[in-house]
Amino acid sequence: MNSNSDHKMPLSQRPEWSDVTPVPQDDGPNPVVPIAYTDDFRETMDYFRAIYLADERSPRALRLTAEAIALNAANYTVWQFRRLILESLEADLHEELNFVDVVASSNSKNYQIWHHRRWAAEKLGAEATSRELEFTKKVFSADAKHYHAWSHRQWVLQALGGWEDELAYCQQLLEEDIFNNSAWNQRYFVITRSPLLGGLETMRDSEVSYTAEAITSKPENESPWRYLRGLFKNDMHSMMNDPQVLSLCLTVLKTKNVSYVFALSMLLDLLCHGLQPSEEFKNAAHALTSEAGPPGSDLARTVCSFLEHVDPMRINYWKWRKSTLPAQVV
Amino acid sequence: MEDSPPGSSPDSNSPSRAESFDRDRHVFFLQMMYQLMPSQYQGQEINRLTLAYFAVSGLHILRSVDSLHKEEIISWVLSLQAHPMNEDLLNDGQFYGFHGSRSSQFQKIDNGVWMSNGSHLASTYCALAILKTVGHDLSVTDSETILKSLKNLQQPDGSFMPIHSGAETDLRFVYCAAAISSMLGNWSGMDREMAKEYIINCQSYDGGFGLTPGSESHGGATYCAVASLQLMGYIEDGLPSKSASSCIIDVPLLLDWSLQRQAADGGFQGRPNKPTDTCYAFWVGGVLRILGAYQFIDKTALHKFLLTCQSEYGGFSKLPGQLPDLYHSFYGFSAFSLLEKPGLHPIRVELGIADNAAIGL
């Protein structure tokens, strides 16, 4: 990255650029939403236009693209031209990733930066794997839910490998913050796609136990509930027959002073899919939700009524769910 | 938001204590932006057309677009269109759409011919949306070029790349392609079946959609998925229960996930366990509207939350108490339109513009 002194001196005053005539932007007579460019921005882009039109792929052109990127990191034309220069100069792409590290530190929510990283990593291949995984970890240490970084990490794993420690990494992130939905998503990504693990069905039992523990510690946490449902994707039959799932719902409902919304919602979904709970279960569930429905009414209707009560923001939804219950539901 | 008497907070960054949507101030804000954007926006120079879309479409939703010079807008937008030098070049693999601004459009000094095609799918969507908003007849626009070259951007997995020179591919650009095709009334530029497959692959285990297959489900991505399916004709209108069994995506799970995005403060979040933000009132609210489930949200709570993001300078901010920006302002106005605020035009939610048909245009 250029030193401060380079950045401050106008290009028109720098001897190395004296042979170049800057090309001004021609917006036409009545541009819409004109922007009040700073002099620095205007001048840098005028010089960029000049080297772009001349197709100059020199070291000074490369430096200029860095200055343009510093002012305008979203400009894909500049990034694309930079890539052309890097290829022409046969530049060291490890150095380039160092450059991107610095740019990303102030511009991390920018698609072009991440695309450029991917371009460089793709060219480097396997030798970039651990560096890219480390880089994303560094981003996560500041923002564990950084969307671009998670997309990049998933791409690295699938294109370059490095799955060995991924499940453990998810575990670590969840220990730091059990509410981190990105980490739960990554966990799902790993157990379903890692070539080193046995796939969803093989992993299911242990994952259900892990998730149940997360749920009982914080029943108001939406993420593990969604994850649990995801473990039985396209296989509601197995879910209904998994004793861990039902007992989990009941355990939460028996706990005082916690959120019941997700437990009730899960129970409702199971009932709608045809769950036939035991009499014992029905009685226990009714006892817990009895304040919401008269005794003897369908369990599903009772659950809906209780949801209207504990999740009033979505009262219209729960009323609608109640009115559209399948005929044979318990 | 805490209860305190109106006008009690001297902090200029505090949210407006207005009891209601301050339309006049929002119109003023947009008109100011339309005239000249502050230098903080120079980092978005490459996407100026998008900023123009926010301003023009925003004014239209606020029923103030007639204050603008439509011919000037049309001529500026059309000047950003890329044209191949001759017919043969249409098969050269490039996409000939619209540039986001002059900064991706280069003019050779000597012969004055625009060279270097840097046109972008999202800019093309914005260009067509603006033209449609100001009443320009799109069939007169060189739409043939756009449609013929659009397919050069579709990838083997059904997704779309935004520029032919190489970029990330994800659901945002599937949406742009679908919206462009819909506005031009012609689907020859994209393979809808392949796009549909890609969208299906983006539905996460929790019912929402991520930007790419395997990514975390996200409000913005979910909008792109559902709006695209709607535009392409893969979603039936009507209450969710009707479409549940026949739909290609898991609608009940999507519905449940989307509704759960309305958080305790009444606003919408983009992902579970993340803060609420003005724009998701449109992204997720829009999904619910398309699914016929907007009636299930707590409109009062949302209304109250949005007002905490309304700025005393006009416009909306991302979070309560911050300064407004053009993006969150546009989505704030759109969200109020979804709430059917009197005085605002209804919007065609899947296109992100005011509903001309509903207005009677």
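Just so it is clear, the structure is predicted and the values come from calculations on it, not from any experiment. (Residues numbered from 1 in each chain as written. Chains lettered and ligands numbered in written order. Predicted model: local features only at pLDDT ≥ 70, side-chain atom pairs only at ≥ 80, totals over all residues. Heavy atoms only, no water.)

K.L.:
Give a detailed account of the overall build of chain B, specifying residues and quantitative values.
P.N.:
Helices and strands together make up the secondary structure of chain B, namely 14 helices and four strands. Counting every position in chain B, which comprises 361 residues, the buried fraction comes to 61%. Surface summary for chain B: the accessible area is close to 12900 Å², and the carbon and sulfur share equals 51%. (Helix = DSSP H or I, 4+ residues; strand = E, 2+ residues; numbered from the N terminus. Buried < 20%, exposed > 50% of the residue type's maximum accessible area, 1.4 Å probe, protein only. Areas by Shrake-Rupley, 256 points an atom, 1.4 Å probe, with all protein chains shown as cover.)

K.L.:
Break down helix H6 (residues 111-124) of chain A for me, with residues and values.
P.N.:
Residue and element names in this part refer to chain A. Here H6 contains 14 residues, and its C-alpha end-to-end distance of 20 Å stays within 8% of the 20 Å for a straight helix at 1.5 Å per residue. Taking burial as the measure, the 14 residues of H6 include ten buried ones, the bulk of the element. For H6, every residue scored as buried is listed here: Gln112, Ile113, Trp114, His115, His116, Arg117, Trp119, Ala120, Ala121 and Leu124. Buried residues along H6 sit against helix H4 (76-89), helix H5 (93-107), helix H7 (129-142) and helix H8 (147-160). Positive phi appears at Gly125, one or two residues downstream of H6, with a value of about 70 degrees. (Expected span 1.5 Å × (residues − 1). Contact = heavy atoms within 4.5 Å.)

K.L.:
Which residues make up helix H10 (residues 251-260) of chain B, and what values do they have?
P.N.:
Residue and element names in this part refer to chain B. For H10, the tally of buried residues reaches nine of ten residues, placing the bulk of the element in the interior. Among the residues of H10, Val251, Leu253, Leu254, Leu255, Asp256, Trp257, Ser258, Leu259 and Gln260 are the ones counted as buried. The distance from a side-chain oxygen at the start of H10 to the backbone nitrogen of Leu253 is 3.2 Å, and the residue carrying that oxygen is Asp250. (Polar contact = N/O pair within 3.5 Å; in protein donor to acceptor, adjacent residues only side chain to side chain.)

K.L.:
Before we move on, can you summarise empty space enclosed by the protein with the specific residues and values?
P.N.:
Taken as a whole and judged by the stated rule, the model has three cavities of 30 Å³ or more. Its boundaries defined by the atoms lining it, the largest cavity holds a volume of some 160 Å³. Along its surface, the largest cavity is lined by Trp225, Arg226, Arg229, Phe262, Ser265, Met266 and Asp269 of chain A together with Tyr205, Asp206, Leu253, Asp256 and Gln260 of chain B. Within the residue set of the lining of the largest cavity, elements represented by two or more residues are helix H12 (222-231) and helix H15 (261-272) of chain A together with H10 of chain B. When its residues are assigned to classes, the lining of the largest cavity shows five nonpolar, two polar and five charged. (1 Å grid on protein atoms, 1.4 Å probe; cavity = no way out; pocket = protein on both sides within 12 Å on 5 of 7 lines; lining within 4 Å. Points joined across faces, edges and corners; volume = space filled by probe spheres on them. Nonpolar A, V, L, I, M, F, W, Y, C, P; charged D, E, K, R; others polar.)

K.L.:
Give me the lowdown on the interface of chain B and chain A, citing residues and values where you can.
P.N.:
Counting residues at the interface gives 73 residues for chain B and 60 residues for chain A. Approximately 5900 Å² of surface area, both sides summed, lies buried where chain B meets chain A, with 55% of it carried by carbon and sulfur atoms. Inspection of the region where chain B meets chain A yields four salt bridges. Where Asp256 of chain B meets Arg226 of chain A, a salt bridge forms, and the shortest distance between an N and an O atom there is 3.1 Å. Scanning the region where chain B abuts chain A turns up 33 residue pairs in polar contact (both at pLDDT 80 or more). Secondary structure elements with two or more residues in the side of chain B that touches chain A: helix H1 (23-35), helix H2 (48-61), helix H3 (70-78), strand S1 (106-107), helix H9 (240-243) and H10 of chain B. Among the elements that take part in the side of chain B that touches chain A, H10 of chain B stands out by supplying six residues, more than any other. For the side of chain B that touches chain A, a count of residues per class yields 32 nonpolar, 26 polar and 15 charged. (Buried area = accessible area lost by both parts, 1.4 Å probe. Salt bridge = Lys/Arg side-chain N within 4 Å of Asp/Glu carboxyl O.)

K.L.:
Lay out the packing of H4 of chain A against H6 of chain A with the relevant residues and their values.
P.N.:
All names here are of chain A. For the pair H4 and H6, the least separation of the axes is 10 Å and the interaxial angle reads 20 degrees. The angle between H4 and H6 places the two elements in the roughly parallel class. Read as a crossing pair, H4 and H6 show a hand that is right-handed. Two secondary-structure elements touch here, H4 through Tyr76, Trp79, Arg82, Arg83, Leu86 and Glu87 and H6 through Gln112, Ile113, His115, His116, Trp119 and Lys123. (Axes fitted to C-alpha atoms, helices over the stretch in contact; angles between N-to-C directions. Parallel < 35°, antiparallel > 145°, perpendicular 65-115°, else oblique. Left-handed = near helix turned anticlockwise from the far one by under 90°.)

K.L.:
An account of the nonpolar core is needed here, citing residue identities and associated values.
P.N.:
Residues and elements named next belong to chain B. Leu121 and Leu171 are the most contacted members of the largest nonpolar core, which totals 225 residues. For this core, the element with the highest residue contribution is helix H6 (residues 171-184), accounting for eleven residues. Sequence-distant contacts of Leu171, that is, excluding residues within four places in its chain, are made with Tyr198, Ile199, Cys202, Phe209, Gly210, Leu211, Ala221, Cys224 and Ala225. (Core = buried A, V, L, I, M, F, W, Y, C linked by side-chain atoms within 4.5 Å.)

K.L.:
Any details on the environment of Ala52 of chain B? Residues and values, ideally.
P.N.:
Positionally, Ala52 of chain B belongs in helix H2. Look at Ala52 of chain B and you get buried, because its relative accessible area is 1%. Taking the C-alpha atoms as reference points, Ala52 of chain B and Val77 of chain B, separated by 25 residues in sequence, lie 9.3 Å from one another. Apart from the residues lying within four places of it in its own chain, the contact partners of Ala52 of chain B are Val32 and Val33 of chain A together with Ser57, Trp76 and Ile130 of chain B.

K.L.:
Got a sec to walk through the environment of Ile61 of chain B? Specific residues and values, please.
P.N.:
Residue and element names in this part refer to chain B. Tracing the backbone through its elements, the reader meets Ile61 in helix H2. Ile61 gets classed as buried once you look at its relative accessible area, which sits at 0%. Taking the C-alpha atoms as reference points, Ile61 and Ile353, 292 residues apart in sequence, are found 7.6 Å from one another. Other than its neighbours up to four places away in sequence, Ile61 contacts Phe330, Phe333, Ser334, Ser337, Gly343, Leu344, His345, Ile347 and Ala354.

K.L.:
Explain the side chain of Arg226 of chain A to me, using residue names and the numbers behind them.
P.N.:
Assignment of secondary structure puts Arg226 of chain A in helix H12. Looking at Arg226 of chain A, its side chain comes within polar contact range of the side chain of Glu222 of chain A, at 2.9 Å. Other than its neighbours up to four places away in sequence, Arg226 of chain A contacts Tyr205, Asp206, Asp256, Trp257 and Gln260 of chain B.

K.L.:
Mind laying out unusual backbone geometry, listing which residues take part and the relevant values?
P.N.:
One non-glycine residue, Asn257 of chain A, adopts positive backbone phi at about 60 degrees. With respect to the helices and strands, Asn257 of chain A occurs in the loop between helix H14 (243-254) and H15. Judged by its relative accessible area of 79%, Asn257 of chain A is exposed. The backbone phi angle of Asn273 of chain B is positive, close to 60 degrees, even though this residue is not glycine.

K.L.:
Which residues make up the pattern of salt bridges, and what values do they have?
P.N.:
Any two side chains of opposite charge can pair, given that their charged atoms come close. Tallying each qualifying case throughout the model produces 38 salt bridges over all chains. Of the charged contacts, one joins Arg63 of chain A and Glu16 of chain A as a salt bridge, the two residues approaching to 2.9 Å between their closest N and O atoms. Of the two residues, Arg63 of chain A sits in helix H3 (residues 59-71) while Glu16 of chain A sits in the loop between helix H1 (4-8) and helix H2 (39-53), which places them 47 residues apart along the sequence. Among the salt bridges present, the one from Arg321 of chain A reaches Asp269 of chain A, with a minimum N-O distance of 2.9 Å. Residue Arg321 of chain A is found in helix H18 (residues 315-323), and its partner Asp269 of chain A is found in helix H15; the two are separated by 52 residues along the sequence. Among the residues examined, Asp269 of chain A registers a relative accessible area of 16% and is labelled buried. Three or more residues are tied together by salt bridges with common partners; here these are Glu222, Arg226, Arg229, Asp269 and Arg321 of chain A together with Asp256 and Arg261 of chain B.

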